[in-house]
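Each chain is listed here by its residues.
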Amino acid sequence: MESWTLSFLKESARRMSLASAVRLRNYYVRETAGQLRADGILSLRLKRPFQASISLRERGSDLATFHQIAVEEIYGPVLRAVGNFQTAIDLGANIGLASLYLAYNSPTCRVLCVEPNCETYELLVRNVRKLNRSGRCQTLKAAVWGTHQWLTPNQKAPADRYSMFAVRVASANEPSAVEGYTMTEILDYSGFDRVDLLKVDIEGAECELFSTQDLSWLARVGAIAIEFHEDSRSASGFDDKMTRNGFEICSEHYHTVLARKPHWDWHVSARVT
């Protein structure tokens, strides 16, 4: 019978270099033994589903994020639903793996990555550096919000659950740490006249984003891939607002994917409410 190590290396070597597969195997061995380093970084060179050298924090949620995006390929249905796209904005970019996946599978697109967590943002910049040098990627350390204001981290999630980082409005006696941008400001920052794909994974702030009175920015968006949290979908009246603004659901897997209805010319549409 084939050993676990050999089976693991064979499977992992399909998507990364053999040296990376060995490092990943050693990581899981150390995790089982309770020997992960508090400040440890795991470096992997991927071959598929995208080619990149990536860095993951040993402790916390980065490995789970890696498994979702690089192994389970949870953004595969998004690509199949949206097709080719030339511009993308990644709201809640985390450490950049979703942006890398989308950019690699749409090789002429340009991406803006938006991430509010300072520590995670540093790793994001590291992971997308090659894409950035090619002129295809920008990064912005910020949160998306209904109005432009300073925000503070929401302490509901454990500190090492980086993928669950959320923000809220700071009270008068709290320090503010994260700058909140409106969606219009983010679109203007991107330099895109329009964005073909808006990916939204913002840990509950989707309620803030879509509850605002001004949704005129939707006229500049072609498709949305969104992950909802708690009751944000119903609380924001999301489905009704999307229908009234010319979107329809074209896929519901891990993400809900909406695109403009075929009879709409979204590039010039003014029917946004």
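Owing to the predicted nature of the structure, the values given are computational and were not obtained by experimental measurement.

Undergrad: Help me understand the packing of aromatic side chains, please; the structure alone is not making it clear to me.
TA: The geometry of an aromatic ring pair is captured by the separation of the ring centres together with the interplanar angle, meaning the angle of the planes. A full pass over the atoms with the stated rule returns six aromatic pairs. Ring centres 5.8 Å apart and planes at 80° place the aromatic pair Phe8 and Tyr28 in the edge-to-face group. Of this pair, Phe8 sits in helix α1 (residues 4-12) while Tyr28 sits in helix α2 (residues 18-32), placing them 20 residues apart in sequence. Exposure remark for Tyr28: the relative accessible area of 24% places this residue in the partly exposed category. Seen from their ring centres, Phe210 and Phe238 are 4.9 Å apart, and the 90° between their planes marks the pair as edge-to-face.

Undergrad: Looking at this structure, how should I read the pairing of strand β11 (residues 221-226)?
TA: Strand residues, when the strand is regular, have side chains that alternate between the two faces of the sheet. Where burial is concerned, most of β11 is hidden: six out of the six residues are buried. Bridge count between strand β10 (residues 195-200) and β11: five bridges; the pairing is parallel. The residue of β11 that forms the bridge with Leu197 is Ala223. In this region the chain leaves β10, passes through helix α9 (residues 206-211) and returns to the parallel neighbour β11; the handedness of that crossover is right-handed. Taken together, the four bridges between β11 and strand β13 (residues 256-260) define a ladder with antiparallel strand orientation.

Undergrad: Before we go on, may I ask you to explain the packing of helix α3 (residues 62-71) against helix α5 (residues 97-105) in this structure?
TA: For any two helices packed against each other, one specifies the inter-axial angle together with the distance between the axes. In contact at an axis separation of 10 Å, α3 and α5 are set at 15° when each is read in the N-to-C sense. Between α3 and α5, the angle is such that the two are roughly parallel. Pair α3 / α5 crosses with right-handed handedness. Here Thr65, Phe66 and Ile69 of α3 come into contact with α5, specifically with Leu97, Ala98 and Tyr101. Along the lines of polarity and charge, the residues of the contact of α3 with α5 split into five nonpolar, one polar and no charged.

Undergrad: Looking at this structure, how should I read the confidence of the model for the chain?
TA: Reading fine detail from the predicted coordinates is not recommended where pLDDT is low. Per-chain confidence: the chain averages 89 in pLDDT, with 92% of residues scoring 70 or above. In this model, residues 263-273 is a region of pLDDT below 50 whose contacts with residues beyond four sequence positions or in other chains number 25 contacts.

Undergrad: Help me understand the sheet that holds strand β6 (residues 143-144) in this model?
TA: Spatially, four strands are ordered β6-β9-β7-β8 in an open sheet, and the strand pairing comes out mixed. Two strands bound the open sheet, and with one partner strand each, they are β6 and β8 (166-169). Relative to strand β9 (residues 178-181), β6 runs parallel, the two sharing two bridges. In the strand pairing of β9, Val144 is matched with Tyr181.

Undergrad: Is there a simple way to explain the pattern of salt bridges in this structure?
TA: Opposite charge on two side chains makes pairing possible when the charged atoms of those side chains draw close. Tallying each qualifying case throughout the model produces eleven salt bridges. In this structure, Arg15 engages Glu11 in a salt bridge whose closest nitrogen and oxygen atoms are separated by 3.5 Å. Glu11 sits in the partly exposed class, given a relative accessible area of 34%. In this structure, the salt-bridge partner of Glu119 is Arg57, at a minimum N-O distance of 3.6 Å. One end of the pair, Glu119, is in helix α6 (residues 118-127); the other, Arg57, is in strand β2 (residues 52-57), and 62 residues separate them in sequence. Here Glu119 falls in the partly exposed class, since its relative accessible area comes to 44%. Residue Arg57 is classed as buried on the basis of its relative accessible area, which comes to 7%. Counted as one network, the salt bridges with shared partners bring together Glu11, Arg14 and Arg15.

Undergrad: Please clarify how the nonpolar core should be interpreted in this entry.
TA: A general tendency of soluble globular proteins is for nonpolar side chains to be buried together. One finds Leu24, Leu44, Phe50, Ile54, Phe66 and Leu97 to be the most contacted residues of the largest nonpolar core, which totals 45 residues. At six residues, the largest contribution of residues to this core is made by α5. Sequence-distant contacts of Leu24, that is, excluding residues within four places in its chain, are made with Phe8, Ser12, Met16, Leu42, Leu44, Leu63 and Phe66. If you look at the next biggest cluster of nonpolar residues, it comprises 35 residues, including Ile89, Leu112, Phe210 and Ile224.

Undergrad: Looking at this structure, I do not really get unusual backbone geometry. What am I missing?
TA: Trans peptide bonds make up most of the peptide bonds, and negative phi angles are found at most residues other than glycine. A cis geometry characterises the amide bond from Arg48 onward to Pro49, with omega recorded as 10°. For Pro49, the position within the fold is in the loop between β1 (41-46) and β2. In this model, Asn94 sits at a positive phi of 55°, which is unusual for a non-glycine residue. Non-glycine residue Glu230 carries a positive phi angle of around 55°.

The rules behind the values
- Residues numbered from 1 in each chain as written.
- Predicted model: local features only at pLDDT ≥ 70, side-chain atom pairs only at ≥ 80, totals over all residues.
- Heavy atoms only, no water.
- Phe/Tyr/Trp six-rings, centres within 6.5 Å; stacked < 30°, edge-to-face > 60°.
- Helix = DSSP H or I, 4+ residues; strand = E, 2+ residues; numbered from the N terminus.
- Buried < 20%, exposed > 50% of the residue type's maximum accessible area, 1.4 Å probe, protein only.
- Pairing = 2+ DSSP bridges.
- Right-handed = clockwise from strand over helix to strand, strands pointing away.
- Axes fitted to C-alpha atoms, helices over the stretch in contact; angles between N-to-C directions.
- Parallel < 35°, antiparallel > 145°, perpendicular 65-115°, else oblique.
- Left-handed = near helix turned anticlockwise from the far one by under 90°.
- Contact = heavy atoms within 4.5 Å.
- Nonpolar A, V, L, I, M, F, W, Y, C, P; charged D, E, K, R; others polar.
- pLDDT = per-residue confidence, 0-100.
- Salt bridge = Lys/Arg side-chain N within 4 Å of Asp/Glu carboxyl O.
- Core = buried A, V, L, I, M, F, W, Y, C linked by side-chain atoms within 4.5 Å.

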